[in-house]
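# Per-entry structural report
Below, each chain spelled out in residue letters.
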Amino acid sequence: MGGKVQENKKQKKEALLENALELFLSKGLQDTSIADIAKKAGVAKGTFYLYFKDKIDLRNILIAHEASKLFEKATEKLDEDSEEWKQMDFEEQMITIIDHIINELVADKRLLSFISKNLSWGYFKFALLNNRMEEDVDFYKLFENMIANANYQLKDPEIMIFLIIELVSSTIYSCILYDEPVGMEEIKPYLYNGIRSIVRCHRTIGVEE
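Residues numbered from 1 in each chain as written. Predicted model: local features only at pLDDT ≥ 70, side-chain atom pairs only at ≥ 80, totals over all residues. Heavy atoms only, no water.

### Digging into helix α6 (residues 90-107)
Stated formally: Numbering of helices and strands starts at the N terminus; helices are DSSP runs of H or I of at least 4 residues and strands are runs of E of at least 2. In this analysis, the expected span of each helix is defined as 1.5 Å times one less than the number of residues it contains. Categorising residues by exposure relies on relative accessible area from a 1.4 Å probe, with only protein chains included: less than 20% of the type maximum marks a residue as buried, more than 50% marks it as exposed, and the intermediate range marks it as partly exposed.
The terminal C-alpha atoms of α6 lie 26 Å apart, and with 18 residues this matches the ideal 26 Å at 1.5 Å per residue to within 8%. Taken together, the buried positions of α6 are occupied by Phe90, Glu91, Gln93, Met94, Ile95, Thr96, Ile97, Ile98, His100, Ile102 and Leu105.

Below, the structure written as structure tokens:
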């Protein structure tokens, strides 16, 4: 009985998240009400408050959830036990993951528009620590593992990740949505060289010049 109850709760929460995302993408956050979300999800309005404090709480959880799904899709394409992955240094592993995520956002521009305002380190870290759903990928932990397994030491890794996230998020928005100053494919080599430069600035021990 307990298992069925928990499964039912999980299904209702997922329905609220899925339908809220569709409404946010089509109507926008401001023009979507909690009643709209509950109706589209097929649940009573009161049920909404069993899972979320308010619409902003749902949005925060949803953005963290969608970011996790993007990261999960990227890591699913990578075999962490493969020789190819092991032979990549940290900066190339980072670029490989980021490239997969960018390609997903190029294919889904509405999702980029929705999450773009929250693609910052402060929100990124807050969402991971406070709004990550149980089933979501803990990609902060994966970054920590990548740093720990790097063949060189990295000074102030949190500052490094902050700089990379800010660089990527500020670059991809205009390039993907408006082709400004150029399209995404054209900007990628410059973006990835920027990421390499940031990582190299944080290298301390074991760097081969």
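### Comments concerning the packing of α6 against helix α11 (residues 184-202)
Packed helix pairs are characterised by how far apart their axes lie and by the angle those axes make with each other. Where we set the bar: Axis definition: a line fitted to C-alpha atoms, limited for helices to the stretch in contact. Angles are taken between N-to-C directions and run from 0 to 180 degrees. Angle categories: roughly parallel below 35 degrees, roughly antiparallel above 145, roughly perpendicular from 65 to 115, and oblique for all the rest. In this scheme the crossing of two helices becomes right-handed for a clockwise turn of the near helix relative to the far one and left-handed for an anticlockwise turn of less than a right angle. Throughout, a contact is declared for two residues whenever any of their heavy atoms are within 4.5 Å. Polarity classes work like this: nonpolar for Ala, Val, Leu, Ile, Met, Phe, Trp, Tyr, Cys and Pro, charged for Asp, Glu, Lys and Arg, and polar for all others, with Gly in that last group.
Two elements in contact, α6 and α11, have axes separated by 10 Å at closest approach and are oriented at 150°. When the axes of α6 and α11 are compared, the pair comes out roughly antiparallel. Handedness of the α6/α11 crossing: right-handed. Residues Phe90, Glu91, Glu92, Ile95, Ile98, Asp99, Ile102, Asn103 and Val106 of α6 form the contact with α11, whose own contacting residues are Met184, Glu185, Lys188, Leu191, Tyr192, Ile195, Arg196, Val199 and Arg200. Residue composition of the contact of α6 with α11, grouped by class: 10 nonpolar, 1 polar and 7 charged.

### A word on the pattern of salt bridges
Here is the rule: What makes a salt bridge here is a side-chain nitrogen of Lys or Arg within 4 Å of a carboxyl oxygen of Asp or Glu, nothing more.
The tally for this structure, following the rule as stated, stands at 10 salt bridges. Residues Glu92 and Arg196 are paired through a salt bridge, measuring 2.7 Å at the closest nitrogen-oxygen approach. Placement of the pair is Glu92 in helix α6 and Arg196 in helix α11, with a sequence separation of 104 residues. Across the pair Lys188 and Asp99 runs a salt bridge whose closest N-O atoms are separated by 2.9 Å. On the criterion of sequence distance, the pair formed by Lys188 in helix α11 and Asp99 in helix α6 is long-range, its members being 89 residues apart. Judged by relative accessible area, which is 7%, Lys188 ranks as buried. Judged by its relative accessible area of 22%, Asp99 falls in the partly exposed class. Connected through shared salt-bridge partners, Asp89, Glu91, Arg200 and Arg203 make up one network.

### Re unusual backbone geometry
Residue Pro181 follows Glu180 across a cis peptide bond; omega there is -5°. Its location among the elements puts Pro181 in the loop between α10 (157-178) and α11. The phi angle at Asp156 is positive, at roughly 50°, despite the residue not being glycine. Following the sequence through the fold, Asp156 ends up in the loop between α9 (139-148) and α10. What makes Asp156 partly exposed here is its relative accessible area of 39%. Located in the positive-phi region is Asp179, a residue other than glycine, with phi close to 55°. With respect to the helices and strands, Asp179 occurs in the loop between α10 and α11. By relative accessible area, Asp179 is classed as partly exposed at 49%.

### Notes on the nonpolar core
Just so we agree on the cut-off: Nonpolar cores are built from buried Ala, Val, Leu, Ile, Met, Phe, Trp, Tyr and Cys residues. Side-chain atoms within 4.5 Å join them into one set.
Ranked by internal contacts, the top residues of the largest apolar core, which has 60 residues, are Phe90, Phe114, Met160, Ile164, Ile172 and Ile195. Contact partners of Phe90, with chain neighbours within four places excluded, come to Met146, Ile147, Ala150, Tyr152, Leu154, Met160, Ile161 and Val199.

### Some details on the packing of aromatic side chains
For clarity, the cut-off: Each Phe, Tyr or Trp ring (for Trp, its six-membered ring) is paired with any other whose centre lies within 6.5 Å, and the angle between the two planes then decides the class: stacked below 30 degrees, edge-to-face above 60, tilted in between.
The full count for this structure, using the stated rule, is 5 aromatic pairs. Relative to Phe52, the ring of Tyr51 lies with its centre 6.5 Å away and its plane at 55°, an arrangement referred to as tilted. Classification of Phe52 by relative accessible area gives buried; the value is 2%. Ring centres 6.0 Å apart and planes at 70° place the aromatic pair Tyr173 and Tyr178 in the edge-to-face group. Relative accessible area serves as the criterion here: at 28%, Tyr173 is assigned to the partly exposed category. Feature note: the residues Phe48, Tyr49, Tyr51 and Phe52 constitute an aromatic cluster, connected by ring pairs.

### So, the side chain of Thr171
Counting through the fold element by element, Thr171 comes out in helix α10. Residue classification places Thr171 among the buried residues on the basis of a relative accessible area of 17%.

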